[in-house]
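# Coordinates in review
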Amino acid sequence: METIYQGPPSLLQDLKVTVHKSSLVFPSQETEKRTLFLSNIDQVLNFDVETVHFFPSHKDFSPKIVADKLKNTLAKILVPYDFYAGRLKLNSETSRLEIDCNAAGAGFVVASSEYTLDEIGDLVYPNPAFAQLVCKTSNFLKPDDQPLCIFQLTSFKCGGFAMGLSINHTTLDGLSFKLFLDNLAALGHNKPLAVTLNHDRHLLASRSPPQVTFPHPELVPLKIPIGQDSSPSVFVATQEDLAFNIFRLTSDNINSLKEKAKAASGIHPNARITGFNVVTAHIWQCKALSSDTGINMDRMSTILYAVDIRPRLNPPLTPSYAGNAVLTAYATATCKELNEGPFARLVEMVSEGARRMTDEYARSVIDWGELYKGFPHGEFLVSSWWRLGFDEVEYPWGRPRYSCPVVYHRKDIILLFPDLKEGGGSNSGVNVLVALPGNEMEKFQSLFQKFLD
């Protein structure tokens, strides 16, 4: 059974991208000058998330037509999304980050590559050279005047093109970014917004006084004051050489893992047997037991994963909430438990991590952030792009052939992406992107197959 996806033997290191024009795009209508409050969840996400959306050639939409239309549409969407035309600032009185909605503009870059889209190779393989398709900063602006949103439209020789976005994470999470893309596409079709936004980030403000009612072992206090570190990270980057592999789980593999969990579900009735939970439990086994810390079966392993708190709050947040409404859940087990199972118990632990995220628990996390300011803390994080649906957005020029983040290899972050071979839909397989030192990768690969059999 093939589970490992091998990358292309010769990966392009340079996409030979030339930037032709850089400019600012301003809201098409006058917007209110205001200061946007950022919640404690937003506060610690002051770094850029870069995504690339690849499109094949279209007979009615040349890259030049797309660039012009996209620029005009961006001006329109900067009216409801006025914060994307604003600038991040540190309030000296409160020591909190805020967005100055001052209509200073979003970035827009037009570029071209000397290659065709097919010559770039398999888009599923996360080529670090994809970073050339995203503009990180506007060089013609001052360092303290950088846009929170920059688009780059890169054309290929075949007529295809890539839409690269650099978005500051304080503005939106993955779910609200998907709504942003849906609204962008709707305006591109000259239609009303697909979803009307809920801008009230005070809905996720801390209580007064803060009430930390739960222990939070999944969090660690931040030593650097917020706003002084321009690009904090959940984990410290490692300089060691990492091997990289894509492990493919087909829908049949995922169904087999579900059946494996169901076999002992009577003993573990709280195991919520979903695709994400069984895949996450499977990855947890492999990652923890492939660690180079030795064969200490009493070692504790903590896995982190994101949970959308919108439906978990009381009252629930609307799906149209424009901001970050995702918190980090965790599960902890000994390596012995991970090795011996039963698998249903591991799925149950992952389920319990999400079930723990009640309204009161989420409020406790937010209040903890008010008092201590910190980041998630664990052995590794599973970051899922599996079912966000970025490649389902219907633009005037069609759906993307593939959408993905620009990946920087990290041993403590494992990424989940939709499997194009099965259509990328909700019932499709998943690609698991893993970066580890060579000896750990060999163990991970062996365990990945072992726990599938």
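Our subject is the structure that appears above.
Structure report, in brief. Computed from a predicted model, the values in this text were never measured in an experiment.

## Quick word on the pattern of salt bridges
Taken as a whole and judged by the stated rule, the model has 21 salt bridges. In this structure, the salt-bridge partner of Lys178 is Asp182, at a minimum N-O distance of 2.9 Å. Residue Lys178 and its partner Asp182 are both found in helix α3 (residues 174–188); the two are separated by four residues, about one turn of the helix. Connected through shared salt-bridge partners, Asp173, Asp308 and Arg310 make up one network.

## Here's the deal with the pairing of strand β8 (residues 149–155)
In terms of residue burial, β8 counts as a mostly covered element, since seven of its seven residues are buried. Across six bridges, the pairing between strand β7 (residues 106–113) and β8 is parallel. The residue bridging Ser112 from the neighbouring strand is Ser155, located in β8. Where β8 lies against strand β9 (residues 161–168), seven bridges are found, and the strand directions are antiparallel. Looking across to β9, one finds that Thr154 is bridged to Ala162.

## Here's the deal with the packing of helix α4 (residues 251–262) against helix α5 (residues 275–289)
Taken N-terminus to C-terminus, the directions of α4 and α5 make an angle of 85°; their axes are 9 Å apart at the nearest point. The orientation of α4 relative to α5 falls into the category roughly perpendicular. Residues Ile254, Leu257, Lys258 and Ala261 of α4 pack against Gly275, Val278, Val279 and His282 of α5. Considered class by class, the residues forming the contact of α4 with α5 number five nonpolar, two polar and one charged.

## A closer look at the sheet that holds strand β2 (residues 17–25)
Here we have six strands laid out as an open sheet, ordered β2-β7-β8-β9-β4-β16, and mixed in their pairing. The open sheet is flanked by β2 and β16 (402–405), the only strands paired with a single partner. Across the sheet, the mean angle separating the axes of adjacent strands is 15° when strand polarity is ignored. Here four bridges tie strand β4 (residues 48–55) to β16, and the two strands are oriented antiparallel to one another. The residue bridging His53 from the neighbouring strand is Ser403, located in β16. In this fold α3 packs onto β4, β8 and β9, with an angle of close to 130° to the strand it touches most, β9.

## Thoughts on empty space enclosed by the protein
Applying the stated criterion across every chain yields a total of two cavities of 30 Å³ or more. Its volume calculated, the second largest cavity comes out at about 40 Å³. Forming the boundary of the second largest cavity are Leu123, Val124, Pro126, Asn127, Phe130, Tyr402, Cys404, Pro405, Val407, Phe417 and Leu433. By residue class, the composition of the lining of the second largest cavity is ten nonpolar, one polar and no charged.

Rules behind the numbers
Residues numbered from 1 in each chain as written. Predicted model: local features only at pLDDT ≥ 70, side-chain atom pairs only at ≥ 80, totals over all residues. Heavy atoms only, no water. Salt bridge = Lys/Arg side-chain N within 4 Å of Asp/Glu carboxyl O. Helix = DSSP H or I, 4+ residues; strand = E, 2+ residues; numbered from the N terminus. Buried < 20%, exposed > 50% of the residue type's maximum accessible area, 1.4 Å probe, protein only. Pairing = 2+ DSSP bridges. Axes fitted to C-alpha atoms, helices over the stretch in contact; angles between N-to-C directions. Parallel < 35°, antiparallel > 145°, perpendicular 65-115°, else oblique. Contact = heavy atoms within 4.5 Å. Nonpolar A, V, L, I, M, F, W, Y, C, P; charged D, E, K, R; others polar. 1 Å grid on protein atoms, 1.4 Å probe; cavity = no way out; pocket = protein on both sides within 12 Å on 5 of 7 lines; lining within 4 Å. Points joined across faces, edges and corners; volume = space filled by probe spheres on them.

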